[in-house]
Amino acid sequence: ARLSDAELSAVVESSVAAHVMEERDGHLWFAHALYRASLYRDLPLPVRRDLHRRIAETLGRGSMPDADMVGHHFHQAGDPRAAMWLVRAGDRARRMYAWLAAAERYEMALLADAAATEPTIDRGWLLYQTSLLWRYADLARAMAYLEEALEIAIQAGDRTLEIGVRYHRGLFLTWTGQVRRGLAELRLSIDAMETLDDRDYRRLNAIELFGDRRSHEHRGTLIGCLASAGYYNDAIHLGERDLDVPRSDSMTWPSGATSSAYADGFLGLADVYANLGDPEKASRAHERARQAYRQIDHHHQIGWSYLDELVGVMIPYRTDDLGARTWIAEEGVRAWERSSETVPLPYPELGRLPLLHLEGRWDEARRVAEGARSAGLASEITVPILATLAQDAGDDGTFWSLVHERLPAGHLTEPGDTVFPSATHLQRLAVALHLRRGEFERATNWLTAHDRWMEWSGAVRGQADRWLLHARYTSAVGDATAALRHASQALEIAQYPRQPLAMIAAHRFLGRFLTARSSRLAREHLEESLALAQTCQAPFEIAATLAVLATAHAAADDRSAAEN
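Bear in mind that the values here come from a model prediction, so they are computed numbers and not experimental data.

Engineer: Quick question: what am I supposed to make of the overall build of the chain here?
Structural biologist: Helices and strands together make up the secondary structure of the chain, namely 29 helices and 2 strands. Its C-alpha atoms give the chain principal-axis dimensions of about 105 × 60 × 45 Å. Buried positions account for 51% of the 564 residues belonging to the chain. Of the contacts formed within the chain by residues at least 6 apart in sequence, a portion of 59% connects residues at least 24 apart. Approximately 26100 Å² of the chain is accessible, and the part contributed by carbon and sulfur atoms is 52%. Here the chain contributes 63 positively and 78 negatively charged side chains, and the mean placements of these two sets differ by 1 Å.

Engineer: Help me understand the packing of helix 8 (residues 139-156) against helix 9 (residues 159-175), please; the structure alone is not making it clear to me.
Structural biologist: A pair of packed helices can be characterised by two numbers: the angle between their axes and the separation between those axes. It is the contact of helix 8 with helix 9, at a shortest axis distance of 9 Å, that shows an interaxial angle of 150°. One element, helix 8, and the other, helix 9, form an angle in the roughly antiparallel class. Relative to helix 9, the crossing made by helix 8 is left-handed. When helix 8 is examined against helix 9, the residues Leu 139, Ala 142, Met 143, Leu 146, Glu 147, Ala 149, Leu 150, Ala 153 and Ile 154 are found in contact with a partner set consisting of Leu 161, Glu 162, Val 165, Arg 166, His 168, Arg 169, Phe 172, Leu 173 and Trp 175. Residue composition of the contact of helix 8 with helix 9, grouped by class: 13 nonpolar, 1 polar and 4 charged.

Engineer: What should I look at first to understand the packing of aromatic side chains in this one?
Structural biologist: For any pair of aromatic rings, geometry is given as the distance between the ring centres together with the angle between the planes. Enumeration over the complete set of coordinates arrives at 15 aromatic pairs. Residues Phe 399 and Trp 400 carry aromatic rings whose centres are separated by 4.9 Å and whose planes lie at 75° to one another, so their mutual orientation is edge-to-face. A relative accessible area of 1% places Phe 399 in the buried class. Pairwise contacts between aromatic rings join Tyr 231, Tyr 232, Phe 420, Trp 453 and Trp 456 into one cluster. One cation-aromatic arrangement involves Arg 141 over Trp 134; the distance from NZ or CZ to the ring centre is 3.9 Å. One cation-aromatic arrangement involves Arg 290 over Tyr 306; the distance from NZ or CZ to the ring centre is 4.0 Å.

The rules we used
- Counting restarts for each chain: residues are numbered from 1 in the order of the written sequence.
- Confidence filtering applies because this is a predicted model: local features only for residues at pLDDT of at least 70, side-chain atom pairs given and counted only at 80 or more, and all residues used for totals across whole chains, interfaces and linings.
- With hydrogens and water excluded, all non-hydrogen atoms of the structure serve as input to the side-chain values.
- Elements are defined by DSSP. Helices are runs of H or I of four residues or more, strands are runs of E of two residues or more, and each kind is numbered from the N terminus.
- Here's how the labels work: a residue is buried when its accessible area is under 20% of the maximum for its type, exposed when over 50%, partly exposed in between, all with a 1.4 Å probe on protein chains only.
- The contact definition used throughout considers only heavy atoms, calling two residues in contact when any of these lie within 4.5 Å.
- Accessibility throughout is a Shrake-Rupley quantity obtained with a 1.4 Å probe, and a residue counts as covered only by protein chains that appear here.
- Charge counting follows a simple rule: Lys and Arg are positive, Asp and Glu are negative, and His as well as the terminal groups are ignored.
- Taken as the charge location is NZ of Lys, CZ of Arg, CG of Asp or CD of Glu.
- Helix axes are fitted to C-alpha atoms over the stretch in contact, other axes to C-alpha atoms as well, and angles between N-to-C directions run from 0 to 180 degrees.
- In this scheme, roughly parallel covers angles under 35 degrees and roughly antiparallel covers those over 145, while 65 to 115 is roughly perpendicular and the rest are oblique.
- Here a crossing is called left-handed whenever its near helix is offset anticlockwise from the far helix by less than a right angle, and right-handed whenever the offset is clockwise.
- Polar here means any residue other than Ala, Val, Leu, Ile, Met, Phe, Trp, Tyr, Cys and Pro, which are nonpolar, and Asp, Glu, Lys and Arg, which are charged; Gly is therefore polar.
- Two rings from Phe, Tyr or Trp (for Trp, the six-membered ring) form a pair when their centres are within 6.5 Å of each other. A pair whose planes differ by under 30 degrees is stacked, one over 60 is edge-to-face, and the rest are tilted.
- Here, a charge over a ring means that NZ of Lys or CZ of Arg falls within 6 Å of the ring centre while also lying within 35 degrees of the ring normal.

What follows is the structure in structure tokens.
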């Protein structure tokens, strides 16, 4: 304040006497925060800015300056030097995985730089970096920053920046449902990335962990995107070629690489193995992905891996392993809780959502799914569950709006431009709804679409459901021979690899179908269905089978058994 010690002492003495300031523990404090705020506000703007500037300059000369504090004071002073210090503060927060705190510092730096006569930071690269920090929390915001960074990269002729921006724009496009366009941009940017010299590649790797180029780790994210959209042959070809996947179960899975892209590749391979009917290999790929994510403290993606394993492996293949499925769900929730500094997830209980639905806790499942969906999270998980709940509640409006969100052209939607498992689940729901209403032509359209998608992908998971749908359809139109054949085929597929929920449904269908033909065989199938549903602790499946079993007992004139 440019006061002498005597002048400062006089001011302090009068302030304490007026109870504006007080001495506590050898320090002087304002008696109330409002005193400080009022005095600060009443200072003329030039005086305030001058004080902030001198504070920042003094702090900046220290041996270990606090970049946050220095940047704050330069920012309050309207000094362009704020940008440089705010970037330093953002870098520190990013290294600590406090992504949103880092993004806020970068945004302040961008504002300070925009107001400067001469730019003090590389704006295009900072926009790119800021975009990546927002990608999980606010994708629209992240996309806007990417577009601005791309414009700067093109104008400046910065090919390295352009490659990085186009790579992530491709990724983000796949997240927003523009899968084909996103995959094309990803492929082109990866090809271009592989032509960069080592210096430029290191510039990219400083922003995002693409990994060792010689080991092709940077291709991992492409593998994950291909797997999500059902391009299983392409994904497994790239993954097993580029990620050093062991050729036999006895070989050790690799553990050296630690980049985010590399881990994404194993996450994608896990999806492929799960959908191609190899749950053991899928679980090993998930664990390898999580090992890599842990080495870079990427707990947000660890949470996604647990959720993917729950949906893709535990529920379809290991439904009756109650302890393991609960453990997987809880580990996912814990990972998301740990990632709160990186990306505060509004609904970490999203990790439990598939179990809430399976175990009949539908009100809670609806709350979590709707909350996560409103926050823009995991539509590939929430939409199928909400659609199922809407159909069961007879809410046709909500059901069809959810179907057309994922399948905008209805049954005419072509595969390869949306998340495959959720889309085929919605197709099956549409077939079942039309069959219940006797709308056979519409059911045929959706069933044909589902067949086309399953053949296109080569998926194994979902084949039992597919043939059970055919059994229901042929039964509904009066072709009993075909219905029995399709249902038997569904049961056989559901047993190899073993898929308990599909087995429950197939046994139940056969029990209902055979009730008028062979009461003994009907009861055998229904008892198998009921026992397995009880082992899986799936209340809806238990109730559905009991209802059919009661009908079977009644048809056999066993009223007591039917009532029980």
